[in-house]
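# Secondary and tertiary structure notes
Letter by letter, the chains look like this.
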Amino acid sequence: MSNSISEIIKKEKLNKADLSYLLSLEGKERDDFLKQTGNHYINSLGKKVYFRGLVEFSNYCTKDCYYCGIRKGNSSSERYDIDDEAIIDAAKFAHENRYGSLVLQAGERSDKIFTDRVTALLKEIKKATNGELGITISLGEQTEEVYQEWFNAGAHRYLLRIETSNKELYYKIHPKDEQHNFEKRIECLRTLQKVGFQTGTGVMIGLPFQTYDQLADDLLFFKAMNVDMVGMGPFIEHTETPLYKYKDDLWPLQRRFEVALNMIASLRLLMPDINIAAATALQAIDPMGREKALRYGANVIMPNITPTTHRKDYTLYENKPCTDEGAEDCSNCLSIRVEMAGREIGYNQWGDSKHFFNRQIDKQ
Ligand code: SAH
């Protein structure tokens, strides 16, 4: 069997059947697959791993996604909004600690007060860090004008997870209304690419009703959309959300974790030159979760530098790791972890997606 794994790994084009097969692997065959892919990937992409300091600056959200702990309908979530000064301090921290890049993430809002604030904030951060800090943002669905404004203000990468590329499943995990429209989300990804962002998306793994075939389709969706970056991690049920009622029907947490790593390794084979993040949700299941992801295909890690007082309130899912550590503890612990995974940190580098630049060359 591991013969057929090495044959699949060598294939020029992976099809849906190959991907479903790889995703479903268990036990020794799975170990072989991950190891072979890890080696294959190090040989081609090298050992570098890039940091993005993550600031989850607000958990106010206008959306009501059925899986998410900060959904509008969760009245037990304590809401916060970190002030600009503290966000800029966090950006300076990332800069001083040679992280190279920052990720700003928050619940989804599209009112003008919010979008103007983000524009001003991006400019301030650029100024405070001599234009040296790369900025990724993950602030949901917006109009083209807003995306353009944020791009002009200095953000150059954008993450917007599709959550699942299967339309039917999408509407099982979101309300079926204008505010949670599947096509609109895809349209937003296209707009982000048009504006010029390095564009990232991703899915959750182990959702209720989800199958290996659907996950294989997710990988093919990333390829068809020609995205530059992907962040994906296991679904972790949250008690205060509608999907909690399916908790007994889910894959066990450990299996969700395993399949998440299978997804990362398979995606690395499918899209060798994109950036793949080792999602924080991996660490909520396995203390070494993110390091394992770095071994088998991920090349980006996002140390959480949200000021500690609010970190525990950005609970998308329960059991979120590192919610009680200061930023400094986190960076020390991470550099050791990255080295343990046999990787090197690309300090002071933006660590842009090679795929993005290859895409520009293809266009000429
Ligand atoms: N508002 C931003 C990002 C906020 S949440 C946006 O709309 O893009 C960031 C990601 O956390 C989501 O895209 C989702 O994939 C993930 N997430 C939310 N709830 C989760 C859960 N219960 N388990 C695992 N991941 C979850």
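Presented here is an overview of the structure given in this document. A quick note: this is a predicted structure, and the numbers were derived from the prediction, not measured. (Residues numbered from 1 in each chain as written. Predicted model: local features only at pLDDT ≥ 70, side-chain atom pairs only at ≥ 80, totals over all residues. Heavy atoms only, no water.)

Below, the discussion takes up the nonpolar core. In summary, soluble globular proteins display a tendency toward joint burial of nonpolar side chains. By size, the foremost hydrophobic cluster in this structure holds 105 residues, and its most contacted members are Phe57, Leu104, Ile125, Phe222 and Met232. Among the elements that line this core, the one with the most residues is helix H10 (residues 253-270), at 10 residues. In contact with phenylalanine 222, not counting residues within four places along its chain, are Thr201, Gly202, Val203, Val227, Val230, Met232, Leu267 and Met271. Counting five residues, the second-largest nonpolar core is a separate cluster that includes Leu54, Val103, Ala277 and Met302. (Core = buried A, V, L, I, M, F, W, Y, C linked by side-chain atoms within 4.5 Å. Buried < 20%, exposed > 50% of the residue type's maximum accessible area, 1.4 Å probe, protein only. Helix = DSSP H or I, 4+ residues; strand = E, 2+ residues; numbered from the N terminus. Contact = heavy atoms within 4.5 Å.)

Okay, the packing of aromatic side chains next. With the rule as written, the count across this model stands at 13 aromatic pairs. Both rings, one in phenylalanine 93 and one in tyrosine 99, keep their centres 6.1 Å apart while their planes meet at 90 degrees; by these two values the pair is edge-to-face. For the ring pair tyrosine 147 and tyrosine 158, a centre distance of 5.0 Å and an interplane angle of 75 degrees mean the geometry is edge-to-face. You can see tyrosine 147 sitting in helix H6 (residues 144-152) and its partner tyrosine 158 sitting in strand E5 (residues 157-159), a full 11 residues away along the chain. (Phe/Tyr/Trp six-rings, centres within 6.5 Å; stacked < 30°, edge-to-face > 60°.)

This paragraph deals with the site of the ligand. Contacts to the ligand come from 19 residues, most closely from Ala106, Glu108, Arg161, Glu163 and Ile236. At 3.0 Å, a backbone N or O of tyrosine 67 approaches a nitrogen atom of the ligand. At 3.5 Å from an oxygen atom of the ligand is found a side-chain nitrogen or oxygen belonging to arginine 185. Relative to its unbound accessible area of 560 Å², the ligand is 92% covered by the protein chains. Residue composition of the shell around the ligand, by class: 11 nonpolar, four polar and four charged. (Near = heavy atom within 4 Å. Polar contact = N/O pair within 3.5 Å; in protein donor to acceptor, adjacent residues only side chain to side chain. Areas by Shrake-Rupley, 256 points an atom, 1.4 Å probe, with all protein chains shown as cover. Nonpolar A, V, L, I, M, F, W, Y, C, P; charged D, E, K, R; others polar.)

Structurally, glutamine 283 is set in helix H11 (residues 280-285). Here the side chain of glutamine 283 touches arginine 290 through a polar contact of 2.6 Å, side chain to side chain.

With respect to the element layout, leucine 269 can be found in helix H10. When its relative accessible area of 15% is taken as the criterion, leucine 269 is described as buried. A sequence separation of 250 residues divides leucine 269 from leucine 19, and the C-alpha atoms of the two residues are 9.8 Å apart. Discounting residues that sit within four places of it in the chain, leucine 269 has contacts with Ile9, Leu14, Leu22, Phe33, Thr37 and His40.

Here we take up the pattern of salt bridges. In this structure the tally under the stated criterion is 25 salt bridges. With a closest N to O distance of 2.8 Å, glutamate 141 and lysine 63 form a salt bridge. Highlighted residues: glutamate 141 in the loop between strand E4 (134-138) and H6 and lysine 63 in the loop between strand E2 (53-58) and helix H4 (84-96), separated in sequence by 78 residues. Between arginine 185 and glutamate 108 there is a salt bridge, and its shortest N-O distance comes to 3.8 Å. You can see arginine 185 sitting in helix H8 (residues 182-195) and its partner glutamate 108 sitting in the loop between strand E3 (101-106) and helix H5 (112-128), a full 77 residues away along the chain. Comparing arginine 185 with glutamate 108, the two get one shared label, buried. A network of salt bridges, in which partner residues are shared, links Lys63, Glu108, Glu141, Glu163, Lys184 and Arg185. (Salt bridge = Lys/Arg side-chain N within 4 Å of Asp/Glu carboxyl O.)

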